[in-house]
Amino acid sequence: MVRFILVLSALFTCTVVAHADNVITPGKVELYATYAAVGIEAAYADDDNGNATASFTWRKAGEQAWRNGVDMTVDRKRKLIWASIWPLEPGEVVEVAIEYQDPDLEKKKPLGFRGTATTRSFRFAPAGRTLYVSPKGNDANAGTKEQPFQTFAHAAKQLKPGDTLLAMTGIYKEGNLFQGLKGTAEKPIVIAAAPGETPVLDSSIYLKAPSQWMQNSPHVFSVAVESEVTYVAQDGKRSFPYRTFEELNDDKLNVKRAWCYDAKKKRLYVRTGTSEPAEKHEYHLSQHPYAVHLTKAQHVVLRGLTMRHYGAAAVRLSEGATGCVLYENTIHNSPGAIFMKSETTRDNAIWKSHIYEVGAADFGWNAHYAIEYANQAIYCDKAGRGNSFCHNRIHGYFDLISVESWKNPDKLQYNRDCDIMHNTLYNASDDAIEADGGGVNLRIHGNHIRNCHTALSLAPIERGPVYVTRNHATFLALFIKFNVGGVTSLGWTYIYHNAGYCLLTGADGGTGISYPPNIPVANKVLKNNVVMVNEWCVRALQKGNTLDYNCYYHIPERAPRRFQADKKTYNTIADFAKATGQETHGLYADPLFVAQEGAGKYASLPLSASLSQYVLLKDEKSGDLRLRAGSPCIDRGVVVRGINEDFKGKAPDIGAFERDLSAK
């Protein structure tokens, strides 16, 4: 007879002593809360025959009924079990109950776990002193509202945990601020715009002096600049950086505006891209690499600031930056807006900010890849656990949110418990969301994506589970791609209830789901998604993946290439299902989106054209991917545990939106 001793601690640990190696022995359970979700990790031992599983239910504080959680992912190599609860709001309390199932376990001896977790809350209220800074102030002042400091750099030296620094209207010509600044979780340091004020951090040198410009060739002009230049804006638009005068003069990459800096001659060279000389244009040249450099900073809040004209990124979080919050800020005219680095950079949040770049779309896709130059709005490079990117409005960069960590399948801390939710993303020259590499409990949910080259890049996913749910997009090339990266992609990825349609017709472009033909990709589960494509519905499908209950359709009057698997093409979904066993409940039909007028509207342009050759969206409102009455996708989906059990009709709707049956 097997005997068990169950121990439950405040740290949510559950330990069982067992005398049969085939019987699962539960270990420590961790509930890891971010601002918008809770990640679950349950360790276990034994289960040598690998037949044990687990499931969980959960509920919010005050609720009587329990909800089903998503299917838990079992990593039998590491003996870890993972799952997530999302989306949640800041400050929500959830109770979690896990039950372990093992055929070798006596039915009278159930094993389980109960615990609670609370999502993080934003702390903006002063917990200490309130100081003030103004360009009209003086660093010799006391820092009061009546006698403010003049610079952020001086004011930062006075700040202690719980203090608030309020900034008055004006331009602050500073950079590389707040390194090593430390608040605490209970008493963060808050640096914010004073109520009704508009402080701007701007490091640029402003050039508009006709007499200083020299013409060096028919198209190139130069001016003396003492400090090194790393970013140039011409008339408010990004200018392309060439390495040498010769490259600039030749302009082989065919960019509209360009520049280079000769450090020996201390001269800036520009190519205006217009018929007018440089003296007819305005230039901003960045002096500092960063506005805010939160190296080793802890629990620092930046709220309501504008940051512009910096040479590397407006904000850098690295080397242990922890618990920092960027909230309701505006960032533009920097090569990268926010850069995050190192696995010790964790539990940071970028929320409700407006991040954009003007002019980057003027450069073709090949030009962006010809040089190493920052071009992501948010670039989270091999960062640590618990980082959160939600409710932002981001547009105009090459990549908009890039959470990247590929070629590191065993680095479980990389981008773990990361949230990319409820962002409005548009006008991306490449990827709207780039989650290449993946992460344990990485959640991509509810994002509104318009006018991008690729909507969702998951190439590769080495670590999972990754959850991709309720996103909707218009795109030019690819809706969901697994087909780049050059490394094996075996991380579990669950892709449910997403919707998209293509904006391009032509000889190439506009594929729904794209796998690589020669690189192993497995453990990708796609259900209840809908996509209107221009070319392939599914390209280069491999074994070991699951597709079912998805809807596909081609842009009207486009001669389609429909489904491809094992280098064979199938012209009907029925033939595809018969040959592969996939999409046995799939659908090929017009989904009848509310707004389909954009489909195929860029028929005359090749995929290689720069994004600015298309009619750029002025905002994010184009394209409504809800379903019209009579859509074949209504009541056509499958119930997925923990995902859509609250459906309204006879069955879940396919796509990103469940139709509101009460709406007129």
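Please read these numbers as outputs of a predicted model, since none were measured by experiment. (Residues numbered from 1 in each chain as written. Predicted model: local features only at pLDDT ≥ 70, side-chain atom pairs only at ≥ 80, totals over all residues. Heavy atoms only, no water.)

**Structural notes on the packing of aromatic side chains**
Okay, so step 1: Taken as a whole and judged by the stated rule, the model has 25 aromatic pairs.
Okay, so step 2: Each ring, one from Trp213 and one from Tyr283, has its centre 5.3 Å from the other, and the planes form 50°; the classification is tilted. Remark: Tyr283 occurs in strand 24 (residues 283–285) and Trp213 occurs in the loop between strand 16 (205–207) and strand 17 (214–215); sequence separation between them is 70 residues.
Okay, so step 3: One aromatic cluster in this structure is built from Tyr35, Phe122, Phe124, Tyr327 and Trp351.
Okay, so step 4: The ring of Phe124 carries the charged tip of Arg303 above its face, separated from the ring centre by 4.2 Å.
Okay, so step 5: Its end group placed over the ring of Tyr32, Arg385 keeps NZ or CZ at 3.8 Å from the ring centre. (Phe/Tyr/Trp six-rings, centres within 6.5 Å; stacked < 30°, edge-to-face > 60°. Helix = DSSP H or I, 4+ residues; strand = E, 2+ residues; numbered from the N terminus. Lys NZ or Arg CZ within 6 Å of the ring centre and 35° of its normal.)

**Regarding the sheet that holds strand 22 (residues 258–262)**
Okay, so step 1: With mixed pairing, five strands are arranged side by side in an open sheet as 17-18-23-22-21. Every interior strand has two partners, whereas the edge strands, strand 17 and strand 21 (240–241), have only one.
Okay, so step 2: Here five bridges tie strand 18 (residues 220–224) to strand 23 (residues 267–271), and the two strands are oriented antiparallel to one another. Looking at strand 23, one finds that Ala224 is bridged to Arg267. (Pairing = 2+ DSSP bridges.)

**Points about the pattern of salt bridges**
Okay, so step 1: Throughout the structure, instances matching the rule amount to 31 salt bridges.
Okay, so step 2: For Lys79, the salt bridge goes to Asp48, with nearest N and O atoms at 3.7 Å. Taken as a pair, Lys79 in the loop between strand 7 (73–75) and strand 8 (80–85) and Asp48 in the loop between strand 4 (38–46) and strand 5 (53–60) lie far apart in primary sequence, 31 residues in all.
Okay, so step 3: The class of Lys79 is partly exposed, set by a relative accessible area of 25%.
Okay, so step 4: What emerges from the salt-bridge pattern is a single network uniting Glu30, Arg385, Asp417, Asp419 and Arg443. (Salt bridge = Lys/Arg side-chain N within 4 Å of Asp/Glu carboxyl O. Buried < 20%, exposed > 50% of the residue type's maximum accessible area, 1.4 Å probe, protein only.)

**Side note on the pairing of strand 14 (residues 189–193)**
Okay, so step 1: Where burial is concerned, most of strand 14 is hidden: five out of the five residues are buried.
Okay, so step 2: Judged from the four bridges that link them, strand 12 (residues 164–167) and strand 14 form a sheet pairing that is parallel. By the bridge assignment for strand 14, Leu166 is matched with Ala192.
Okay, so step 3: The pairing of strand 14 with strand 26 (residues 300–303) spans four bridges and is parallel. Bridging from a neighbouring strand, Ala192 pairs with Arg303 of strand 26.

**Section: helix 4 (residues 573–580)**
Okay, so step 1: Within helix 4 the residues assigned to the buried category are Ile573, Phe576 and Ala577. For helix 4, the angular spread of the buried residues around the axis is 95°, confining them to a single face. Exposed residues on helix 4 whose side chains face more than 90 degrees from its buried face are Ala574 and Lys578.
Okay, so step 2: Those residues of helix 4 hidden inside the fold are in contact with strand 51 (538–541), strand 53 (551–554), strand 54 (563–565), strand 55 (568–570) and strand 56 (587–588).
Okay, so step 3: Of the residues one or two after helix 4, Gly581 is the one with positive phi, at around 80°. (Arc of directions from axis to C-beta. Contact = heavy atoms within 4.5 Å.)

**Observations concerning the environment of Asp163**
Okay, so step 1: By the element assignment, Asp163 lies in the loop between helix 1 (152–158) and strand 12.
Okay, so step 2: By relative accessible area, which is 3% here, Asp163 ends up buried.
Okay, so step 3: Between the C-alpha atom of Asp163 and that of Ser286, which follows or precedes it by 123 residues, the distance is 30 Å.
Okay, so step 4: Discounting residues that sit within four places of it in the chain, Asp163 has contacts with Gly128, Arg129, Gln158, Pro188, Ile189 and Val190.
Okay, so step 5: At 2.9 Å, the side chain of Asp163 and the backbone nitrogen of Lys160 are in polar contact. (Polar contact = N/O pair within 3.5 Å; in protein donor to acceptor, adjacent residues only side chain to side chain.)

**Some details on the environment of Glu247**
Okay, so step 1: Residue position: Glu247 is located in helix 2 (residues 245–250).
Okay, so step 2: Exposure remark for Glu247: the relative accessible area of 29% places this residue in the partly exposed category.
Okay, so step 3: When the C-alpha positions of Glu247 and Asp48 are compared, they lie 62 Å apart, and in sequence the two are 199 residues distant.
Okay, so step 4: In contact with Glu247, not counting residues within four places along its chain, are Tyr242 and Lys252.

**Quick look at the confidence of the model for the protein chain**
Fine structural detail should not be taken from predicted coordinates in areas where pLDDT scores are low.
Okay, so step 1: Mean pLDDT over the protein chain: 91, with 91% of residues reaching 70 or higher.
Okay, so step 2: Below a pLDDT of 50 lies the segment residues 1–19, which in the model reaches 49 contacts outside its immediate sequence neighbourhood of four places, other chains included. (pLDDT = per-residue confidence, 0-100.)

**Let's talk about the nonpolar core**
Okay, so step 1: Ranked by size, the top nonpolar core spans 159 residues in total, and within it Ile191 and Ile338 carry the most contacts.
Okay, so step 2: Counting residues per element, this core draws most heavily on strand 45 (residues 472–481), which supplies five residues.
Okay, so step 3: Sequence-distant contacts of Ile338, that is, excluding residues within four places in its chain, are made with Val315, Leu317, Leu326, Ile331, Ile350, Ile355, Ala377, Ile378 and Tyr379.
Okay, so step 4: Counting 28 residues, the second-largest nonpolar core is a separate cluster that includes Phe221, Phe240, Tyr242 and Tyr373. (Core = buried A, V, L, I, M, F, W, Y, C linked by side-chain atoms within 4.5 Å.)

**With respect to unusual backbone geometry**
Okay, so step 1: Cis geometry marks the peptide bond from Trp86 to Pro87, where omega comes out at -10°.
Okay, so step 2: Following the sequence through the fold, Pro87 ends up in the loop between strand 8 and strand 9 (93–101).
Okay, so step 3: Residues Ala459 and Pro460 are joined by a peptide bond in cis, for which omega reads 0°.
Okay, so step 4: With respect to the helices and strands, Pro460 occurs in the loop between strand 42 (448–457) and strand 43 (461–463).
Okay, so step 5: The backbone phi angle of Asn528 is positive, close to 65°, even though this residue is not glycine.
Okay, so step 6: Relative to the helices and strands, Asn528 is located in the loop between strand 49 (524–527) and strand 50 (530–533).
Okay, so step 7: Not every positive phi belongs to a glycine, and Asp566 is a case in point at roughly 50°.
Okay, so step 8: Examined against the element boundaries, Asp566 turns out to sit in the loop between strand 54 and strand 55.

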